[in-house]
Amino acid sequence: DVKVTQSSRYLVKRTGEKVFLECVQDMDHENMFWYRQDPGLGLRLIYFSYDVKMKEKGDIPEGYSVSREKKERFSLILESASTNQTSMYLCASSTTTGGRETQYFGPGTRLLVL
Amino acid sequence: DQQVKQNSPSLSVQEGRISILNCDYTNSMFDYFLWYKKYPAEGPTFLISISSIKDKNEDGRFTVFLNKSAKHLSLHIVPSQPGDSAVYFCAACRTGTASKLTFGTGTRLQVTL
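Keep in mind that this is a model prediction, so the values were computed, not measured.

Caption draft 1: Molecular detail of empty space enclosed by the protein. For the coordinates displayed, the defined rule picks out one cavity of 30 Å³ or more. For the largest cavity, the full set of lining residues is Arg9, Tyr10, Met88, Pro107, Gly108, Thr109 and Arg110 of chain A together with Ala41 of chain B. When grouped by side-chain class, the residues that make up the lining of the largest cavity number four nonpolar, two polar and two charged.

Caption draft 2: Examining the pattern of salt bridges more closely. All chains considered together, the criterion is met by nine salt bridges over all chains. With its nearest N and O atoms 3.5 Å apart, the salt bridge here joins Lys18 of chain A to Glu79 of chain A. Placement of Lys18 of chain A in the loop between β2 (10–13) and β3 (19–25) and of Glu79 of chain A in the loop between β8 (73–78) and β9 (87–94) is noted, with a sequence separation of 61 residues between them. Lys18 of chain A sits in the partly exposed class, given a relative accessible area of 44%. Owing to a relative accessible area of 44%, Glu79 of chain A belongs among the partly exposed residues under this scheme. Residue Glu58 of chain B is joined to Lys56 of chain B by a salt bridge in which the shortest nitrogen-to-oxygen separation is 3.9 Å. Overall, Lys56 of chain B belongs to the partly exposed group, its relative accessible area being 42%. Here the salt bridges do not stand alone but share partners, grouping Arg36, Asp38 and Arg44 of chain A into one network.

Caption draft 3: Broad picture of the state of the cysteines. In this structure the tally under the stated criterion is two disulfides over all chains. Across the disulfide from Cys23 of chain A sits Cys91 of chain A; the S-S distance is 1.8 Å. Where Cys23 of chain A bonds to Cys91 of chain A through sulfur, the torsion about that S-S bond is close to -75°, and the disulfide is left-handed. Of this pair, Cys23 of chain A sits in strand β3 while Cys91 of chain A is found in strand β9, placing the two residues 68 residues apart along the sequence. A disulfide-free cysteine, Cys93 of chain B has its sulfur positioned 11 Å from the sulfur of Cys90 of chain B, the nearest such atom. Owing to a relative accessible area of 8%, Cys93 of chain B belongs among the buried residues under this scheme.

Caption draft 4: Highlighting the side chain of His76 of chain B. All names here are of chain B. Relative to the helices and strands, His76 is located in strand β8 (residues 72–77). Polar contacts involving the side chain of His76 include one to the side chain of Ser74, which spans 3.3 Å. Dropping the residues within four chain positions of it, His76 is found in contact with Ile18, Ser19, Ile20, Arg61, Phe62, Thr63 and Phe65.

Caption draft 5: Seen up close, the layout of surface pockets. Within this model, the largest pocket holds a volume of roughly 440 Å³. Contributing to the lining of the largest pocket are 23 residues, with Gln37 and Pro39 of chain A together with Val87, Phe89 and Arg108 of chain B lying nearest its centre. For the lining of the largest pocket, the secondary structure elements donating two or more residues are β4 (31–38) and β9 of chain A together with β9 (86–93) and β11 (107–112) of chain B. For the lining of the largest pocket, the residue count by class is 11 nonpolar, eight polar and four charged. Size it by volume and the second largest pocket reaches roughly 350 Å³. If you trace the second largest pocket, you find 17 residues lining it, with Asp59 of chain A together with Asp1, Gln3, Thr102 and Phe103 of chain B closest to the centre. Per-element accounting of the lining of the second largest pocket gives the leading share, three residues, to strand β5 (residues 42–49) of chain A. Looking at the lining of the second largest pocket, its residues break down into seven nonpolar, five polar and five charged.

Here is what the cut-offs are and how they apply
Within any chain, residue numbers begin from 1 and follow the written order of that chain's sequence. As they are written, the chains are lettered A onward and the ligands numbered 1 onward, keeping that order. For this predicted model, a pLDDT threshold of at least 70 governs which residues receive local features, and a threshold of 80 or more governs which side-chain atom pairs are given and counted, while totals over whole chains, interfaces and linings are taken from all residues. The basis for the side-chain values is all heavy atoms of the structure; hydrogens and waters are excluded. Each cavity reported here is a set of points on a 1 Å grid over the protein atoms alone in which a 1.4 Å probe fits but cannot get out, each pocket an open set with protein on both sides within 12 Å along at least five of seven lines, and each lining residue one with an atom within 4 Å of a point. Grid points are joined across faces, edges and corners, and a volume is the space filled by probe spheres set on the points. Gly is put with the polar residues, along with every residue not named as nonpolar or charged; the nonpolar set is Ala, Val, Leu, Ile, Met, Phe, Trp, Tyr, Cys and Pro, and the charged set is Asp, Glu, Lys and Arg. The term salt bridge refers to a side-chain nitrogen of Lys or Arg lying within 4 Å of a carboxyl oxygen of Asp or Glu. The helix count covers DSSP runs of H or I at least four residues long, the strand count covers runs of E at least two residues long, and both are numbered beginning at the N terminus. Burial classification: accessible surface area is computed with a 1.4 Å probe over protein chains only, and a residue below 20% of its type maximum counts as buried, one above 50% as exposed, and the rest as partly exposed. Criterion for a disulfide: a pair of cysteine sulfur atoms within 2.5 Å. We call two N or O atoms a polar contact when they sit within 3.5 Å, provided that within protein one can donate a hydrogen and the other can accept it, with sequence-adjacent residues counted only if both atoms are side-chain atoms. Every residue pair with non-hydrogen atoms within 4.5 Å of one another is taken to be in contact.

As structure tokens, this is what we get:
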């Protein structure tokens, strides 16, 4: 079974703090993703990565950065947290076979920015 | 611009009956579609998928139908069980675009006894 783990289930931070969200997958997948989930908006892609040290902006990258130094680990960084970044953050990983893939998600991190 | 739409935010169905969840898309380049199920405080889990070369895919109690001309897909769950109560997300992508899944806003299914 694919296992995607996220470092924290719940986080409370103050406005202006630097926040690190860590994600680790154990299936040697090339691709990793960060989404946020908000009521009425579904899942929106923040950043994704095809390979180590590679990253691509998703649909809502503003206010976020990412780091992928090792294949199994993908970090999401909020340089200066703001209240509008209060959300559920979901990490996923996938591999591509024949042009098709399935993304496997971690349990999510619920972030509250005060 | 919401390219994948789930117009029903919620649905309530009696146990044993059929649940039908709907999804519409606007991007004609999408050729692969997936359904995910999400319980509270958990990440989404993959349920079933369908390629645009098919119009139906079945896996146990779950069947996905694709109508390409209408740009519409639906997930049928029969018979519905209380454990099916969750939020269901429809997602779509274009083969070869390396992972760019576009998700709908989700439909909360409640299966009542």
